[in-house]
Amino acid sequence: MSVPLPAAAVSTATPMKLVSCHACHLLSAQALEGLRCPRCGTVLHRRKPDSVARSWAFLIAAVILYIPANLLPMMTTQSVFGTSNDTVLSGIVYFWISDSMALALLVLIASVVVPLLKMMALTMLLLSVQFRSTWRIRQQTRLYRLLEVIGRWSMLDIFVVAMLAALVRAGKLATIIPGPGALAFASVVVLTMLASLSFDSRLLWDSLDENNG
Ligand SMILES: [Zn+2]
């Protein structure tokens with residue numbers, strides 16, 4: 001766990017009149033804000049520009065698309081027995097009743113639970129910054145780090161569809177075509193990823209610094 005440090009041993013860039021590069025973390029004088037980082041060429045900003053507004057925009061778009069992602073068919077299966085359209089939920093039910101409970105759980109977690117939790121967590125973080133709340137900032141920062149880790153696994157569901165398509169095509173028994181739901185789902189994943197990338201977790205601590213004077 002964290003060791004309490006004497007106040008003199010820690011500081012942030014702002015009171016030291018410094019600005020940290022988003023890409024290479026080089027510290028430059030605050031006077032260079034808006035100019036390019038002398039080391040890597042990224043434009044220097046004290047905080048990600050329009051972080052809260054951009055995150056909200058991406059998040060709201062993701063929430064809206066989450067509805068068609070779950071309601072529209074994720075994939076269309078054409079076989080000698082006819083054509084069937086499967087949504088995420090009907091897919092989960094199908095796996096469950098055909099004794100592939102592990103696969104059903106995997107799809108449920110990857111495509112319903114994780115995106116929902118991600119969007120809820122981002123909403124909480126954004127509301128915290130918006131209302132300058134100082135409630136459990138450390139836990140909220142951890143939550144943001146967790147979001148970044150989960151982000152890398154979010155495309156799992158698209159992989160499941162791709163894998164199934166490849167498997168079934170190999171059997172030449174049926175054709176699987178990704179449906180409009182897959183597009184909406186991929187958009188939800190990309191938009192939540194962009195929302196969490198646009199979010200600047202340091203804004204959480206700015207509220208604390210402001211409250212402390
Ligand atoms: Zn740099």
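Residues numbered from 1 in each chain as written. Predicted model: local features only at pLDDT ≥ 70, side-chain atom pairs only at ≥ 80, totals over all residues. Heavy atoms only, no water.

1. What about the side chain of Asp206?
Here is step 1 of the chain: Relative to the elements of secondary structure, Asp206 occurs in helix α7 (residues 202-211).
Here is step 2 of the chain: In contact with Asp206, not counting residues within four places along its chain, are Arg46 and Arg47. (Helix = DSSP H or I, 4+ residues; strand = E, 2+ residues; numbered from the N terminus. Contact = heavy atoms within 4.5 Å.)

2. Let's talk about the packing of helix α1 (residues 51-71) against helix α3 (residues 101-130)
Here is step 1 of the chain: Following both chains from N to C, one finds α1 and α3 inclined at 155 degrees, their axes separated by 10 Å at the closest point. In terms of orientation, α1 lies roughly antiparallel with respect to α3. Regarding α1 and α3, the two cross each other, and that crossing is left-handed. From α1, Val52, Ser55, Trp56, Leu59, Ala62, Val63, Tyr66 and Asn70 reach across to α3, where they touch Ser111, Val112, Pro115, Leu116, Met119, Leu122, Thr123, Leu126, Leu127, Val129 and Gln130.
Here is step 2 of the chain: In terms of residue class, the contact of α1 with α3 is made up of 14 nonpolar, 5 polar and no charged. (Axes fitted to C-alpha atoms, helices over the stretch in contact; angles between N-to-C directions. Parallel < 35°, antiparallel > 145°, perpendicular 65-115°, else oblique. Left-handed = near helix turned anticlockwise from the far one by under 90°. Nonpolar A, V, L, I, M, F, W, Y, C, P; charged D, E, K, R; others polar.)

3. Considering the coordination of the zinc ion
Here is step 1 of the chain: Every protein donor of the zinc ion is listed here as Cys21 (SG), Cys24 (SG), Cys37 (SG) and Cys40 (SG), and their distances to the metal cover 2.2 to 2.4 Å.
Here is step 2 of the chain: Around the zinc ion, the 4 donor atoms sit at angles spanning 104 to 114 degrees, and that spread fits a shape best called tetrahedral.
Here is step 3 of the chain: Between consecutive donors of the zinc ion, the numbers of intervening residues give the motif C-x2-C-x12-C-x2-C. Here the residue Cys24 occupies a position in the loop between β1 (18-20) and β2 (27-29), and Cys37 occupies one in the loop between β2 and α1, the gap between them amounting to 13 residues.
Here is step 4 of the chain: For Cys37, a relative accessible area of 3% gives the class buried. (Donors = N, O, S within 2.8 Å, 3.2 Å for Na, K, Ca; no water. Tetrahedral: all angles 85-135°; square planar, octahedral: opposite > 155°, others 65-115°. Buried < 20%, exposed > 50% of the residue type's maximum accessible area, 1.4 Å probe, protein only.)

4. What to know about the packing of helix α4 (residues 137-151) against α7
Here is step 1 of the chain: Following both chains from N to C, one finds α4 and α7 inclined at 165 degrees, their axes separated by 9 Å at the closest point. Looking at the two axes, α4 sits roughly antiparallel to α7. α7 is crossed by α4, and the crossing has left-handed handedness. Counted together, Ile137, Arg138, Gln140 and Thr141 of α4 and Leu204, Trp205 and Leu208 of α7 form the full contact between these two elements.
Here is step 2 of the chain: Class assignment for the residues of the contact of α4 with α7 results in 4 nonpolar, 2 polar and 1 charged.

5. With respect to α7
Here is step 1 of the chain: For α7, the set of buried residues is Leu203, Leu204, Asp206 and Ser207. Projected onto a plane normal to the axis of α7, the buried residues spread over an arc of 155 degrees and lie on a single side.
Here is step 2 of the chain: On the buried face of α7, the contacting elements are α1, α3 and α4. (Arc of directions from axis to C-beta.)

6. Some thoughts on the packing of aromatic side chains
Here is step 1 of the chain: Applying the stated criterion to the full structure yields 2 aromatic pairs.
Here is step 2 of the chain: Note on Tyr94 and Phe95: the rings are 6.0 Å apart at their centroids and 55 degrees apart in plane angle, and the pair reads as tilted.
Here is step 3 of the chain: A residue is classified by how much of its surface remains accessible, and Tyr94, at 53% relative accessible area, is exposed.
Here is step 4 of the chain: Relative to Phe199, the ring of Tyr144 has its centre 5.4 Å away and its plane inclined at 55 degrees; by these criteria the two rings are tilted. You can see Tyr144 sitting in helix α4 and its partner Phe199 sitting in the loop between α6 (180-198) and α7, a full 55 residues away along the chain. With respect to class, Tyr144 is no different from Phe199; both count as buried. (Phe/Tyr/Trp six-rings, centres within 6.5 Å; stacked < 30°, edge-to-face > 60°.)

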